[in-house]
Amino acid sequence: LTGNLAPNNANIQVKAPNSCGFAQDSILMISDCEAADIFRVVNNPTTGGTIQTVTHSQGSNNANVLSKLYQSDADVFSFTSSSYFIRNNPAGVPSLYVKDHALDTAAFELIEGVENLQVAYGVDDTNDGVPERYIAANTVQSASLWKRVVAVRLRILMRTTDKVQARDFVDTDTTFSSFGAAAYTGGFMRKVFTTTIQLRNRALAL
């Protein structure tokens, strides 16, 4: 940021020229590594001398007020999002796909043999930065509960692309209860992979 550092509803001013390509309806994020705000650019940014002005009025946002007064140590970034989902690939094998919404192109296959993907959010109930419980996103019903989410747990159920012989793998009808009540059958070998990711900005804010 180069100017208009107060009040927190002022237009954002950044250095010009720059290579960011900000434009009307761009989704941007402003952050100083301690806090962040995401907003939509209302009008095409204007440039005067070495300053480019970016508007974030209520015309395209829920409000025109940022969560804090950002200073010259803050940066403005282009915000992008992607959707991950599972569907059968052309060979009929369930696979993990991704769609990049910024590129607005067709989804493409990331990993073959993914049957299920579960995301759980770790909630810190004791304010010590450590999650006491993991819950699904649709059970986080309030903003105050989201603020206590300090970790994300990803669980992926993988399977072989081809069936295996019973003599090599007897337990072909295992029920993976944590992925739902349905039994996963068909003679495929399966394995669960789990990883837990700490949300550093939440942990550092405690």
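Just above, that's the structure.
Fair warning: this is a prediction, and the values are worked out from it, not measured in the lab.

1. Describing a nonpolar patch on the surface
A grouping of Tyr84, Phe108, Leu110 and Ile111 is seen on the molecular surface, where their side chains present a nonpolar patch of about 400 Å² in accessible area. The greatest single-element share of the nonpolar patch, amounting to 3 residues, is contributed by strand S9 (residues 108-112). Relative to the elements of secondary structure, Phe108 occurs in strand S9.

2. A closer look at the environment of Tyr184
Among the secondary structure elements, Tyr184 is positioned in the loop between strand S12 (149-159) and strand S13 (190-198). Using a relative accessible area of 14% as the deciding quantity, one classes Tyr184 as buried. Tyr184 sits 51 residues away from Arg133 along the chain, and the two C-alpha atoms are 27 Å apart.

3. Comments concerning the pattern of salt bridges
Tallied over the entire structure, the rule returns 4 salt bridges. A salt bridge links Arg190 to Glu115, with the shortest nitrogen-to-oxygen separation between them at 2.6 Å. Remark: Glu115 occurs in strand S10 (residues 114-123) and Arg190 occurs in strand S13; sequence separation between them is 75 residues. The pair formed by Arg190 and Glu115 is uniform in burial state, with each residue classed as buried. Note that Asp125 is salt-bridged to Arg133, the shortest N-O span being 2.7 Å. On the basis of relative accessible area, Asp125 is assigned to the partly exposed category, the value being 37%. Take Arg133: its relative accessible area is 34%, and that puts it in the partly exposed class. Where salt bridges share partners, they join Asp125, Arg133 and Arg148 into one cluster.

What counts as what
Residues numbered from 1 in each chain as written. Predicted model: local features only at pLDDT ≥ 70, side-chain atom pairs only at ≥ 80, totals over all residues. Heavy atoms only, no water. Patch = residues over 30% accessible without salt bridge, like charges linked within 9 Å, V, L, I, M, F, W, Y side chains within 5 Å. Areas by Shrake-Rupley, 256 points an atom, 1.4 Å probe, with all protein chains shown as cover. Salt bridge = Lys/Arg side-chain N within 4 Å of Asp/Glu carboxyl O. Helix = DSSP H or I, 4+ residues; strand = E, 2+ residues; numbered from the N terminus. Buried < 20%, exposed > 50% of the residue type's maximum accessible area, 1.4 Å probe, protein only.

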